[in-house]
Amino acid sequence: MKKKCITLIMTIILTVGIVAGCGDKDAHKENTKYGTSTEGKFVVGFDQEFPPMGFVGEDGEFTGFDLELAREVANRLNLEFVPNPISWDAKDLELSSGTIDCIWNGFTMTGREEDYTFSKPYLNNRQVIVVKKDSNIHTLKDLQGKIVEVQTDSSAEVALKEQEELLNTFKKMQSVPDYNTAMMDLEQGAVDAIAMDEVVAAYQIQSKDDMFQILDEEISSESYAIGFLKGNTFLKDNVEKILSEMVEDGTMKEISEKWFGSDITTLK
């Protein structure tokens, strides 16, 4: 009799354990059903000094065009939005380690197509040169013998390295961690020009257009997209689905107009 009781009790315990285990698996599947690294969260990696795409606002909170899009996507997926500022030259490590779910911050897909799983491009951009208005630099040829600054591991840096003929005319090309530093260097006369994203440049100089200008000639043209870990098409597809909904209901247009004064997005 005692043997039967023990066997019955063990059977009940085992059954409860299996059921509980299945419940945990189902809960985990539910929380990670969109392909995110962390249960119930959508963690976005961004450069916090890259206005207007992602930066620290006057209220001390993270804000920006890309972050606003990402927040809306997270809300519609019923995920907690977590903006995670990263060092731009460590972005690949952050992504591969699962610290972030994607890179969403004026991220150029042109030339990087094989390194990440990218969303459809949502914005067009150019790499341009910013100079002081009172400088003697009016064309790319005028950069001969000048010091040109770029952000470390930026698209502008890559583009210039691919144009050796132009690069070799510079006195020096030097890199800094962020464009805020570059703009200060240019204003103080420590450098002669900055190579950077036109979208960012236009935002940076909008209140100082009497001091700075963007040269008409471009270094290169490109497209912005969201970068996911190579192979994570599941999360990419889920995010793209929401972005399509945002285009259809006008949310994408509304956010673009808020930041740029018009709809400059390319998703249709």
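The paragraphs below set out a description of the structure included in this document. In this text, all values refer to a predicted model and were calculated from it rather than measured experimentally. Each chain has its residues counted from 1, running along the sequence as written. Local features in this predicted model are restricted to residues of pLDDT 70 or higher, and side-chain atom pairs are both shown and tallied only at a pLDDT of 80 or more, whereas totals for entire chains, interfaces and linings draw on every residue. Water and hydrogen atoms were dropped before computing side-chain values, which therefore reflect all heavy atoms in the structure.

### Some thoughts on the packing of helix α6 (residues 179-188) against helix α7 (residues 198-205)
The convention used is that axes are lines fitted to C-alpha atoms, helices contributing only their stretch in contact, and that angles between N-to-C directions extend from 0 to 180 degrees. Strands are runs of DSSP state E lasting at least 2 residues, helices are runs of H or I lasting at least 4, and numbering of each runs from the N terminus. Between α6 and α7, whose axes approach to 12 Å, the crossing angle comes to 55°. Taken together, α6 and α7 sit at an angle that is classed as oblique. Viewed along their axes, α6 and α7 form a crossing whose handedness is right-handed. Judged by residue contacts, Y179, N180 and M183 of α6 engage V200, Q204 and I205 from α7. Note on terminology: angles under 35 degrees are roughly parallel, angles over 145 are roughly antiparallel, angles of 65 to 115 are roughly perpendicular, and the others are oblique. Two helices cross in a left-handed way if the nearer one is turned anticlockwise from the farther one by less than a right angle. They cross in a right-handed way if the turn is clockwise. Throughout, a contact is declared for two residues whenever any of their heavy atoms are within 4.5 Å.

### Some points on the side chain of S154
In this fold, S154 is placed in the loop between β9 (147-151) and α4 (155-162). Any pair of N or O atoms that falls within 3.5 Å is considered a polar contact. Within protein, one atom must be able to donate a hydrogen and the other to accept it, and sequence-neighbouring residues count only if both atoms are side-chain atoms. In this structure the side chain of S154 is engaged in a polar contact, spanning 3.2 Å, whose partner is the backbone nitrogen of E157.

### So, the environment of M109
For M109, the position within the fold is in the loop between β6 (102-103) and β7 (117-118). For M109, a relative accessible area of 14% corresponds to the buried category. Separated by 118 residues in the primary sequence, M109 and G227 have C-alpha atoms spaced 7.6 Å apart. Beyond its immediate sequence surroundings of up to four residues, M109 is in contact with F118, S119, P121, S223 and A225. Only protein chains enter the area calculation, which uses a 1.4 Å probe; residues under 20% of their type maximum are buried, those over 50% are exposed, and those in between are partly exposed.

### Comments concerning the side chain of N232
Along the chain, the position of N232 falls in the loop between β13 (227-228) and α8 (233-248). Looking at N232, the relative accessible area reads 19%, which means it is buried. In this structure, N232 is in contact with G35 and T117, ignoring residues within four places of it in sequence.

### Examining the nonpolar core
Only buried Ala, Val, Leu, Ile, Met, Phe, Trp, Tyr and Cys residues count toward a nonpolar core, and they belong to the same one when joined by side-chain atoms within 4.5 Å. Residues F42, V73, W104, Y122, I129, V239 and L243 are the most contacted members of the largest nonpolar core, which totals 64 residues. Among the nonpolar cores identified, the runner-up in size contains 11 residues, and V43, W88, I103 and M109 belong to it.

### What to know about the pattern of salt bridges
Definition used for salt bridges: Asp or Glu carboxyl oxygen within 4 Å of a side-chain nitrogen of Lys or Arg. Following the criterion strictly, the structure yields 11 salt bridges and no others. For R76, the salt bridge is made with D249, and the minimal N-O distance between the two is 2.9 Å. Linking R76 in helix α2 (residues 65-76) with D249 in the loop between α8 and α9 (251-260), this pair joins segments that are 173 residues apart in sequence. Since its relative accessible area comes to 44%, D249 is described here as partly exposed. Where D153 meets K91, a salt bridge forms, and the shortest distance between an N and an O atom there is 2.3 Å. Taken together, the positions of D153 in the loop between β9 and α4 and K91 in helix α3 (residues 91-96) put the pair 62 residues apart, joining distant regions of the chain. A relative accessible area of 28% places D153 in the partly exposed class.

### Some points on α6
Taken as a whole, α6 has its buried residues at Y179, A182, M183, D185 and L186. Buried residues in α6, looked at end-on, bunch into an arc of 160°, giving them a common side. G189 sits one or two residues past α6 and shows a positive phi near 85°. By arc we mean the arc of the directions from the helix axis to the C-beta atoms, nothing more.

### A short note on the packing of aromatic side chains
Any two of the Phe, Tyr and Trp rings considered here, Trp counted by its six-membered ring, make a pair once their centres fall within 6.5 Å; the pair's planes then place it as stacked at under 30 degrees, edge-to-face at over 60, or tilted in between. The full count for this structure, using the stated rule, is nine aromatic pairs. Centroid distance F46 to F62: 5.1 Å. Interplanar angle 80°. Geometry classified as edge-to-face. In this pair, F46 is assigned in strand β1 (residues 41-46) and F62 in strand β4 (residues 62-63), connecting sequence segments 16 residues apart. Among the aromatic side chains, those forming a connected cluster through ring pairs are W88, F107, Y116 and F118.

### Concerning the environment of K133
Note that K133 resides in the loop between β8 (123-132) and β9. As a C-alpha pair, K133 and D210 span 77 residues in sequence and 7.2 Å in three-dimensional space. Setting aside chain neighbours within four positions, we find K133 in contact with D209, D210, M211, F212 and Q213.

### Regarding the sheet that holds strand β11 (residues 193-197)
Strand order across the open sheet formed by five strands is β10-β9-β11-β8-β12, with mixed pairing between neighbours. In the strand order of this sheet, the two ends are held by β10 (172-176) and β12 (212-224), each with one partner. When the angles between neighbouring strand axes are averaged without regard to direction, this sheet yields 25°. At least two DSSP bridges between two strands are required for those strands to pair. Bridge count between β8 and β12: nine bridges; the pairing is antiparallel. The partner of R126 across the bridge, within β12, is S221. Docked against the sheet, α4 engages β8, β9, β10, β11 and β12, running at close to 130° with respect to β9. Packing against the sheet, α6 makes contact with β8, β9, β10, β11 and β12, and its axis sits at approximately 150° to β11.

Purely geometric stuff here, so don't read any function into it on its own.
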